[in-house]
Number of protein chains: 2
Amino acid sequence: MQKAVQRQQTRDRILDAAEELFAHRGYEGVSVRQIMSQAGADVSLAYYHFKSKRDLFDQVMLRKAETLNALRLKALEALERRHPDDAPTIEEIIGAFTKPLLELLADNHEEWQHYFQLIAQINSSSEWGGELMTRYFDPLVSRFIEALRKALPECSNEDLYWSYHFLSGALTLTFAETGRIDNLSGGVCRSSDMRAINDRMPAFLAAGFRALADKPRD
Amino acid sequence: MQKAVQRQQTRDRILDAAEELFAHRGYEGVSVRQIMSQAGADVSLAYYHFKSKRDLFDQVMLRKAETLNALRLKALEALERRHPDDAPTIEEIIGAFTKPLLELLADNHEEWQHYFQLIAQINSSSEWGGELMTRYFDPLVSRFIEALRKALPECSNEDLYWSYHFLSGALTLTFAETGRIDNLSGGVCRSSDMRAINDRMPAFLAAGFRALADKPRD
DNA sequence: ACTAGTATTCAACGATCGTTGAATATGTGC
DNA sequence: GCACATATTCAACGATCGTTGAATACTAGT
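Residues numbered from 1 in each chain as written. Chains lettered and ligands numbered in written order. Predicted model: local features only at pLDDT ≥ 70, side-chain atom pairs only at ≥ 80, totals over all residues. Heavy atoms only, no water.

### Digging into a negative patch on the surface
Together, A:Glu28, A:Glu127, B:Glu28 and B:Glu127 give the surface a local cluster of negative charge. Structurally, the position occupied by A:Glu127 is in the loop between helix H6 (109-123) and helix H7 (129-136). With relative accessibility at 44%, the residue A:Glu127 sits in the partly exposed group. (Patch = residues over 30% accessible without salt bridge, like charges linked within 9 Å, V, L, I, M, F, W, Y side chains within 5 Å. Areas by Shrake-Rupley, 256 points an atom, 1.4 Å probe, with all protein chains shown as cover. Salt bridge = Lys/Arg side-chain N within 4 Å of Asp/Glu carboxyl O. Lys, Arg positive; Asp, Glu negative; His and termini not counted. Charge placed at Lys NZ, Arg CZ, Asp CG, Glu CD. Helix = DSSP H or I, 4+ residues; strand = E, 2+ residues; numbered from the N terminus. Buried < 20%, exposed > 50% of the residue type's maximum accessible area, 1.4 Å probe, protein only.)

### As for the environment of A:Thr10
All names here are of chain A. Turning to its location among the elements, Thr10 is positioned in helix H1 (residues 3-25). Considered as a pair, Thr10 and Leu45 are 35 residues apart in the sequence and their alpha carbons are 9.3 Å apart. Ignoring any residue separated from it by four or fewer positions in sequence, one finds Thr10 in contact with Leu45 and His49. (Contact = heavy atoms within 4.5 Å.)

### A look at the nonpolar core
Residues A:Ile35, A:Phe175, B:Ile35, B:Phe175 and B:Phe209 are the most contacted members of the largest nonpolar core, which totals 148 residues. With residues near it in sequence (within four places) discarded, B:Ile35 still touches B:Ile14, B:Ala17, B:Ala18, B:Leu21, B:Phe22, B:Val30 and B:Leu56. (Core = buried A, V, L, I, M, F, W, Y, C linked by side-chain atoms within 4.5 Å.)

### With respect to the relation of the copies chain B and chain A
For the pair of chain copies, the relating operation is a rotation around an axis with a shift along it. Between chain B and chain A, the superposition needs a rotation of 180° and an axial shift of 0.0 Å, giving an RMSD of 0.0 Å. This pairing of chains is accounted for by a two-fold axis. (Least-squares fit on C-alpha atoms with pLDDT ≥ 70 in both.)

### Comments concerning the environment of B:Lys64
Residue and element names in this part refer to chain B. Tracing the backbone shows Lys64 in helix H4 (residues 53-81). Residues Lys64 and Ser156 lie 92 residues apart in sequence; the distance between their C-alpha atoms is 33 Å. Not counting the four nearest positions on each side in its chain, Lys64 is found in contact with Glu19, Glu111, Trp112 and Tyr115.

### Quick word on the packing of helix H5 (residues 90-107) of chain B against helix H9 (residues 157-175) of chain B
What describes two packed helices is the angle between their axes and the distance between those same axes. All names here are of chain B. At a minimum axis separation of 12 Å, H5 and H9 run at an interaxial angle of 10°. Comparing the axis directions of H5 and H9 gives the class roughly parallel. Each of Ile94, Phe97, Thr98, Leu101, Leu102 and Leu105 in H5 lies in contact with H9, whose residues at this interface are Tyr164, Leu167, Leu171 and Phe175. Its residues placed into classes, the contact of H5 with H9 shows 9 nonpolar, 1 polar and no charged. (Axes fitted to C-alpha atoms, helices over the stretch in contact; angles between N-to-C directions. Parallel < 35°, antiparallel > 145°, perpendicular 65-115°, else oblique. Nonpolar A, V, L, I, M, F, W, Y, C, P; charged D, E, K, R; others polar.)

### Thoughts on the protein's contact with DNA strand C
Every one of the 21 residues lining DNA strand C counts as a neighbour, but A:Arg7, A:Ser44, A:Tyr48, B:Arg33 and B:Tyr47 are closest to it. Within 4 Å of the protein, the contacting atoms of DNA strand C are 49% sugar and phosphate, with bases supplying the remainder. One nitrogen or oxygen atom from the side chain of A:Ser44 is found 2.6 Å from a base nitrogen belonging to DNA strand C. In this structure, B:Val32 approaches DNA strand C through a main-chain N or O atom, which is 2.9 Å from a phosphate oxygen. For the surface near DNA strand C, the secondary-structure elements that each account for two or more residues are H1 and helix H3 (45-49) of chain A together with helix H2 (32-39) of chain B. Considered class by class, the residues forming the surface near DNA strand C number 7 nonpolar, 7 polar and 7 charged. (Near = heavy atom within 4 Å. Polar contact = N/O pair within 3.5 Å; in protein donor to acceptor, adjacent residues only side chain to side chain.)

### Some remarks on the interface of chain B and chain A
Between chain B and chain A, the residue contacts involve 62 residues of the former and 62 residues of the latter. Together, the buried faces of chain B and chain A total about 5,500 Å²; carbon and sulfur atoms form 66% of this surface. The largest contributions to the chain B side of the interface with chain A come from B:Trp162, B:Arg200 and B:Phe204, which together make up 16% of the buried area. Run the count over chain B and chain A and you get 4 salt bridges. With its nearest N and O atoms 2.5 Å apart, the salt bridge here joins B:Asp159 to A:Arg200. Counting every contact that joins chain B to chain A gives 11 residue pairs in polar contact (both at pLDDT 80 or more). (Buried area = accessible area lost by both parts, 1.4 Å probe.)

### Digging into the domain arrangement of chain A
Residue and element names in this part refer to chain A. For chain A, the assigned domains read domain 1 (1-50) and domain 2 (62-214). One C-alpha centre belongs to domain 1, the other to domain 2; they are set 29 Å apart. The interface of domain 1 with domain 2 comprises 11 residues on the first partner and 9 residues on the second. Surface buried jointly by domain 1 and domain 2 totals about 870 Å² across both partners, of which 52% is contributed by carbon and sulfur atoms. Taken together, domain 1 and domain 2 are joined by 4 salt bridges. A salt bridge links Asp12 to Arg63, with the shortest nitrogen-to-oxygen separation between them at 3.9 Å. Across the domain 1-domain 2 interface, the total number found is 4 residue pairs in polar contact (both at pLDDT 80 or more). Residues belonging to the side of domain 1 that touches domain 2 are distributed by class as follows: 4 nonpolar, 2 polar and 5 charged. (Domains from an automatic or database assignment.)

Structure, rendered in structure tokens:
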């Protein structure tokens, strides 16, 4: 086997193990030894491939963030190309924001579920959330808000940002598939039911955006 | 000073320190030593007042959960008493769910902010969230969903639970005041602007509930 | 086949972790 | 004021933490 190939395989095995464990137990809840044990390699190999535990965590975040951002941007640009003159509906824009997540989960559920759980934890943390979310996701988010602004020209900036904030909370919790809704509903709803999510989330959130846009404040 | 009083004061000092540190850095991110250092007491005193680190964490959760649940229940019952025949609006029910949080933050911001940050972290965690949220909050949540069902008789159970799920995500992220919206909006919106939240969140979410209730699925 | 460089393992460092038992101080009831 | 119970401190346990330097196995180029 090629050396460069094996190197990448090892790196990926470490990243996969780290991703899963970080997602389940958080950054501080997992030791480098546990990660390397799950990856089937020696502890010190982690420090050959990565500078530190924190660097390993950052690389876990970065790896899939790029894929995700690229897919979301592509979905948004495709949507805008389909509407050269008029603006798309809010549902369509939100759909471009959520569809890529649904498709990634459909393709490789386990892998991406771990990643979305990780994002949910970061997003809800006051300690790390700020820097990480800003670095990896805010640029694309601003791009989406721009699209939403065009579709809701009468909406104030403040209403727009708050609406997106509510969207962000609903979205990150939903895609983390925490199982909270399974418990609460007694089995009526399932966290993993992506069809149910796709049928409801864009409609729910678009109605919220319009409610704030149509009812300007004093 | 009375001994029983001092005992309770010490216990509370430990719980306060634990609450703040757990909220900022998570359960695993904080050591018992750090907590007791902030509380200004010896390490082993933690194990005199609490069985273990995990027990200390549970007591932090329990302490304010009871206050919070009582206030929310009172707000809901007062609302229902004001509507003996007809059902309240969705906005009013959601308001009864959020108003107590706003009032607690207005009274003692710092203290409750820490607690809401803690809830947000728990709610986004697949590991702990299930058990803890179910134990402390789901009973009251079911009570609220019951009220919402009466106000939306044509809404299916599934739509109702998903709507609440979206509400839950938006609400926990918002009250955690992570500062995410401050960064994203470049200062246009502030996480701590409770007036802005009160003016927008119920309207946004109520519109979402109605959008799902009015558009039944196939 | 030999060498140079890369990937992986071994062994260990000091620090800190959660937790405990015994010793000490402090206030309470008689 | 004395005896008792309760509250707090002191000192330490073994385990595990993140990290490192040196030794070894392996592969690629010649």
